[in-house]
There are 2 protein chains.
Amino acid sequence: MTALTERKKKILEAVVSNYIETADPVGSRTIARTCRIGLSSATIRNEMADLEEMGYLSQPHTSAGRIPSQKGYRYYVDNLMPPGGPDEEETSAISRSLNADKMREIEQIIISAARVLSSITNHTSLIMGPQYKRSTFRQMRILPLDEKRGLVVLITDTGFIKNKVIELNQSLSPPELQQVVSYLNQKLFGLSIDQVTTSLINELKRDLFRRMELLEQAFILLEESLKEEEQVRVFLGGTTNILNQPEFKDVEKIRRMLSLFEQESLLFKILERNLGKEGVVVQIGTENMVEEINECTLITATYKINNRNLGTVGVLGPTRMDYSRVIGVVRCLVDKLNESLNS
Amino acid sequence: MTALTERKKKILEAVVSNYIETADPVGSRTIARTCRIGLSSATIRNEMADLEEMGYLSQPHTSAGRIPSQKGYRYYVDNLMPPGGPDEEETSAISRSLNADKMREIEQIIISAARVLSSITNHTSLIMGPQYKRSTFRQMRILPLDEKRGLVVLITDTGFIKNKVIELNQSLSPPELQQVVSYLNQKLFGLSIDQVTTSLINELKRDLFRRMELLEQAFILLEESLKEEEQVRVFLGGTTNILNQPEFKDVEKIRRMLSLFEQESLLFKILERNLGKEGVVVQIGTENMVEEINECTLITATYKINNRNLGTVGVLGPTRMDYSRVIGVVRCLVDKLNESLNS
DNA sequence: TATTAGCACTCTAGAACGGAGAGTGCTAAC
DNA sequence: GTTAGCACTCTCCGTTCTAGAGTGCTAATA
């Protein structure tokens, strides 16, 4: 793996940036003309042949221009890419959309973020909703609704609020209920939701059971309301943006992409894998290890609440995307999102 | 507008059902062969020419077969359509998916309904989430979170639970807060959320203000948490199903449909217009009065909780759809949904 | 009078063809 | 090492042609 000469770098950079812009295979003549490198097309042809042999470029067919290979994009992102990002107007659009009406509901903020991200990048955005499991138990309440039912409210340190209607054991008097609830609050406070596992609950149950024999029912319910929270939502923005990309003019490809978007659990896995990685992560083509998006690039970053990695935001588009710009936008958005969520 | 002869009805029925099945314009020969009406293709040709003149059929071009016009479909639905609906297996699939784990969260049930509806019909399903405004106020609680913030919980008779984090006025002591809350509960109980308008709140505020002068803050917050609820969610299922329809093999059409699906408020308007209409409503082509779905048929029905019309469920597909089947499925689904929500 | 057989006509979809244009690789000259 | 020149390849796009399906009309038939 020898390093590229300066000239090869220049040419590779020219091919990639040109192809990003036009989506057409780029020929030697084009490069000779556009970037005023003092070389003839023939020389460039030779260099391009080299670059192809080394795996940075490829040819759709003889007598077409070259397009970057996955390796070519990777080299571009790692070494050649110019700095870029949102301009002031876009930056302030991001800020505005996240702070509008100083909304307090996390979900609203996330949806808003997905929307602005897709509209600025012109790609599809995906944002993993905050992960409940990584939060810390803060308090629990039970509100009686009527004779038979009650509302369990769980609150975490990250502002997550979960409620669930439960059947109440009739034999529980309000004061008894109150007693259980405050006992639980005391015991569970500060534990991460992950730690509030079934086994811990069982332990508590045994402990409490000795003193108050009526309350089994209540525990089953707490257990249930925690268990169910496994599923985390993924919010999408601009799913139709892929239709604007010339590489998706084939209905069959569109179908595959869109049906991917309907599989929330798969999207979740894709995003979760990048949860907690430092900075902005770029996964080009097969690097993301998911067959359905082998022809796409995924750019992700992790957002935090209370200094915990709670979720991932990402942009999905064709490998031919404006890397420097999108990377800059994602970075900007995550920063603002962190500000907004931690204020 | 003279009535159709028996023979014309038979032929129209044959054209429509044939076209629904094959998506190809149907010719006179086909009809002469398939439905064993004792007539030659020439006779059928004459009758079809009549039907075209009367507006029930149309021709994509000379020397193609006929396809039903909007008027033709309408006549078919009103007069000719055979009975149809889900088979036993599908019926039980609907039941199962709505009762699974006897889930109590309305939203979960609705999502589940959207999913099963689209998978059985092979079309896109849209379901309007339950309309908050049409519910009745049941009770309100305020849980203190920390020194500065509290959680307002509103509960309606239809099982709708809304919570919102609010800034608490420091000068409110817990007992004072409690007093306000119970006052409000007493005053608002049983009113429809629609009735709890800003003006009523203002009135209460004046009333209460005389007695307790510190609590203005609390009212602003109640007001806010009600106001925000305007937006109602629309849940979609099977949005990619339209890609399977041959009438949507054009990328441009797909784009228009899909971007319609991203406009939740428009979808909401479409569904809301049919809220409360009796039975299953079929709107063919331009009948639905929305330009974006002029080439589609929308089949809707209203579901209820506590005997109130809370939301609309619908199926959207090309005008060429299996009417009797889809109508039957929608009817079945709404019945089960009502059972499930009111149990 | 209603129905049918026959036939000429129309229109589309798809295959076959051909030329223009873009780009390449190679060779020989600079 | 670089460049000019040239033959070659491949795609794209418009044209032409044919097969096939279906029609409308006319004349014969029951």
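Summary of the structure given here.

Reading the values: rules and limits
- Residues numbered from 1 in each chain as written.
- Chains lettered and ligands numbered in written order.
- Predicted model: local features only at pLDDT ≥ 70, side-chain atom pairs only at ≥ 80, totals over all residues.
- Heavy atoms only, no water.
- Helix = DSSP H or I, 4+ residues; strand = E, 2+ residues; numbered from the N terminus.
- Buried < 20%, exposed > 50% of the residue type's maximum accessible area, 1.4 Å probe, protein only.
- Contact = heavy atoms within 4.5 Å.
- Areas by Shrake-Rupley, 256 points an atom, 1.4 Å probe, with all protein chains shown as cover.
- Near = heavy atom within 4 Å.
- Polar contact = N/O pair within 3.5 Å; in protein donor to acceptor, adjacent residues only side chain to side chain.
- Nonpolar A, V, L, I, M, F, W, Y, C, P; charged D, E, K, R; others polar.
- Pairing = 2+ DSSP bridges.
- Axes fitted to C-alpha atoms, helices over the stretch in contact; angles between N-to-C directions.
- Phe/Tyr/Trp six-rings, centres within 6.5 Å; stacked < 30°, edge-to-face > 60°.
- Lys NZ or Arg CZ within 6 Å of the ring centre and 35° of its normal.
- Salt bridge = Lys/Arg side-chain N within 4 Å of Asp/Glu carboxyl O.
- Parallel < 35°, antiparallel > 145°, perpendicular 65-115°, else oblique.
- Left-handed = near helix turned anticlockwise from the far one by under 90°.

**So, the overall build of chain A**
Stage number 1. Scanning chain A from N- to C-terminus turns up 12 helices and 10 strands.
Stage number 2. Evaluated residue by residue, chain A yields a buried proportion of 52% over its 343 residues.
Stage number 3. Across chain A, every contact between residues at least 6 apart in sequence was considered, and the portion connecting residues at least 24 apart equals 62%.
Stage number 4. Surface summary for chain A: the accessible area is close to 16,200 Å², and the carbon and sulfur share equals 47%.

**Thoughts on the protein's contact with DNA strand C**
Stage number 1. Lining the immediate surroundings of DNA strand C are 20 residues, of which Ser 28 of chain A together with Arg 7, Thr 43, Thr 62 and Ser 63 of chain B lie closest.
Stage number 2. Within 4 Å of the protein, atoms of DNA strand C come from sugar and phosphate in 77% of cases.
Stage number 3. At 3.5 Å from a sugar or linking oxygen of DNA strand C is found a main-chain nitrogen or oxygen belonging to Ala 64 of chain A.
Stage number 4. Between DNA strand C and Arg 7 of chain B, the relevant distance is 2.5 Å, taken from a phosphate oxygen to a side-chain nitrogen or oxygen of the residue.
Stage number 5. Mapped onto the surface near DNA strand C, the elements with two or more residues apiece are helix H3 (41-54) of chain A together with helix H3 (41-54) of chain B.
Stage number 6. In terms of residue count, the dominant contributor to the surface near DNA strand C is H3 of chain B (four residues).
Stage number 7. For the surface near DNA strand C, the residue count by class is four nonpolar, 12 polar and four charged.

**So, the sheet that holds strand S9 (residues 296-305) of chain A**
Residues and elements named next belong to chain A.
Stage number 1. Pairing within the open sheet is antiparallel, and its five strands lie in the order S7-S3-S10-S9-S8. At either end of the open sheet lies a strand with only one pairing partner, and these are strand S7 (234-237) and strand S8 (281-284). Each strand of the sheet is rotated relative to its neighbour by a mean of 20°, with strand direction disregarded.
Stage number 2. Two strands pair when backbone bridges link them, and strand S3 (residues 124-128) and strand S10 (residues 308-318) are joined in this way by four bridges, in the antiparallel orientation. Within S10, the residue paired with Thr 124 across the bridge is Leu 316.

**Overview of the protein's contact with DNA strand D**
Stage number 1. Contacts to DNA strand D come from 20 residues, most closely from Arg 7, Thr 43, Thr 62 and Ser 63 of chain A together with Ser 28 of chain B.
Stage number 2. Near the protein, within 4 Å, the atoms of DNA strand D are sugar or phosphate in 75% of cases.
Stage number 3. Within the contact set of DNA strand D, a base oxygen lies 3.4 Å away from a side-chain nitrogen or oxygen of Arg 45 of chain A.
Stage number 4. A distance of 3.4 Å separates a sugar or linking oxygen of DNA strand D from a polar atom in the backbone of Ala 64 of chain B.
Stage number 5. Mapped by element, the contributors of at least two residues to the surface near DNA strand D are H3 of chain A together with H3 of chain B.
Stage number 6. If you tally residues by element for the surface near DNA strand D, the top one is H3 of chain A, at four residues.
Stage number 7. Looking at the surface near DNA strand D residue by residue, the classes come out as four nonpolar, 12 polar and four charged.

**Details of the packing of aromatic side chains**
Stage number 1. Taken as a whole and judged by the stated rule, the model has four aromatic pairs over all chains.
Stage number 2. Each ring, one from Tyr 56 of chain A and one from Tyr 75 of chain A, has its centre 5.5 Å from the other, and the planes form 70°; the classification is edge-to-face. Here Tyr 56 of chain A, found in the loop between H3 and strand S1 (57-58), pairs with Tyr 75 of chain A, found in helix H4 (residues 70-80); they are 19 residues apart in sequence, far enough to count as distant. Across this residue pair, the class does not change: Tyr 56 of chain A and Tyr 75 of chain A are buried.
Stage number 3. For the cation-ring pair, Lys 71 of chain B lies above Tyr 56 of chain B, with the distance from its terminal atom to the ring centre recorded as 4.6 Å.

**Brief notes about the sheet that holds strand S8 (residues 281-284) of chain B**
Residues and elements named next belong to chain B.
Stage number 1. Reading across the sheet, the five strands line up as S7-S3-S10-S9-S8 and stay open at both edges, with antiparallel pairing between neighbours. Looking at strand neighbours, the two that pair on one side only are strand S7 (234-237) and S8, the edges of this open sheet. On average, each strand axis in the sheet is tilted by 20° relative to the strand beside it, whichever way the strands run.
Stage number 2. The sheet contact formed by S8 and strand S9 (residues 296-305) spans four bridges and is antiparallel. Directly across from Gln 283, in S9, lies its bridge partner Leu 298.

**A look at the pairing of S3 of chain A**
Residues and elements named next belong to chain A.
Stage number 1. Counting buried residues in S3 gives five out of five residues, a clear majority hidden from the surface.
Stage number 2. Where S3 and S7 come together, four bridges link them in antiparallel fashion. Looking at S7, one finds that Ile 127 is bridged to Phe 235.

**Section: the environment of Arg 331 of chain B**
Stage number 1. Structurally, Arg 331 of chain B can be placed in helix H12 (residues 323-342).
Stage number 2. As a C-alpha pair, Arg 331 of chain B and Gly 85 of chain B span 246 residues in sequence and 8.5 Å in three-dimensional space.

**Here's the deal with the environment of Thr 22 of chain B**
Residue and element names in this part refer to chain B.
Stage number 1. When you line up the elements, Thr 22 lands in helix H1 (residues 6-22).
Stage number 2. Judged by relative accessible area, which is 37%, Thr 22 ranks as partly exposed.
Stage number 3. Taking C-alpha positions, Thr 22 is 9.9 Å from Pro 246, a pair spaced 224 residues apart along the chain.

**Observations concerning the pattern of salt bridges**
Stage number 1. Considering all chains together, one arrives at 24 salt bridges over all chains under this definition.
Stage number 2. Ionic pairing is found between Asp 78 of chain A and Arg 74 of chain A, a salt bridge with its closest N-O pair at 3.2 Å. Residue Asp 78 of chain A and its partner Arg 74 of chain A are both found in helix H4; the two are separated by four residues, about one turn of the helix.
Stage number 3. In this structure, the salt-bridge partner of Glu 252 of chain B is Arg 255 of chain B, at a minimum N-O distance of 3.3 Å. A residue pair is termed a helical-turn pair when its members lie 3 or 4 positions apart in one helix, as Glu 252 of chain B and Arg 255 of chain B do in helix H10 (residues 251-262) at three residues.
Stage number 4. Residues joined by salt bridges that share partners form a network here, namely Arg 7, Lys 8, Glu 47 and Asp 50 of chain A.

**A closer look at the side chain of Thr 300 of chain A**
All names here are of chain A.
Stage number 1. Counting through the fold element by element, Thr 300 comes out in strand S9.
Stage number 2. A polar atom in the side chain of Thr 300 sits 3.3 Å from the side chain of Asn 274.
Stage number 3. Leave out the neighbours within four places in its chain, and Thr 300 touches Leu 271, Asn 274, Gly 279, Val 280, Val 281, Thr 312, Val 313, Gly 314 and Val 330.

**Here's the deal with the pairing of S10 of chain A**
Residues and elements named next belong to chain A.
Stage number 1. Counting buried positions along S10 gives nine out of 11 residues, so the element sits mostly inside the fold.
Stage number 2. Pairing analysis gives 10 bridges linking S9 to S10, with the strands arranged antiparallel. Paired with Leu 298 across the two strands is Leu 316, which belongs to S10.
Stage number 3. Connecting S9 to the antiparallel partner S10 that follows it, the hairpin turn spans two residues, and Asn 306 within it adopts a positive phi of roughly 50°.

**Details of the packing of helix H5 (residues 88-99) of chain B against helix H6 (residues 106-121) of chain B**
Residue and element names in this part refer to chain B.
Stage number 1. H6 packs onto H5 with a crossing angle of 160° between their chain directions and a minimal axis gap of 9 Å. Compared by their axis directions, H5 and H6 come out roughly antiparallel. The handedness of the crossing between H5 and H6 is right-handed. Residue-level inspection shows Glu 90, Ala 93, Ile 94, Ser 97 and Leu 98 of H5 in contact with H6, the latter providing Ile 109, Ser 112, Ala 113, Val 116 and Ile 120.
Stage number 2. Split into classes, the residues belonging to the contact of H5 with H6 amount to seven nonpolar, two polar and one charged.

**Here we look at the environment of Phe 137 of chain B**
Residues and elements named next belong to chain B.
Stage number 1. With respect to the helices and strands, Phe 137 occurs in strand S4 (residues 137-144).
Stage number 2. Here the alpha-carbon distance between Phe 137 and Gln 195, two residues 58 residues apart in the chain, equals 9.4 Å.
Stage number 3. Those residues in contact with Phe 137, other than ones at most four positions away along the chain, are Leu 154, Ile 155, Leu 184, Asn 185, Leu 188, Phe 189, Gly 190, Leu 191 and Ile 193.

So, to be careful, I would describe these as geometric facts and stop short of saying anything about function.
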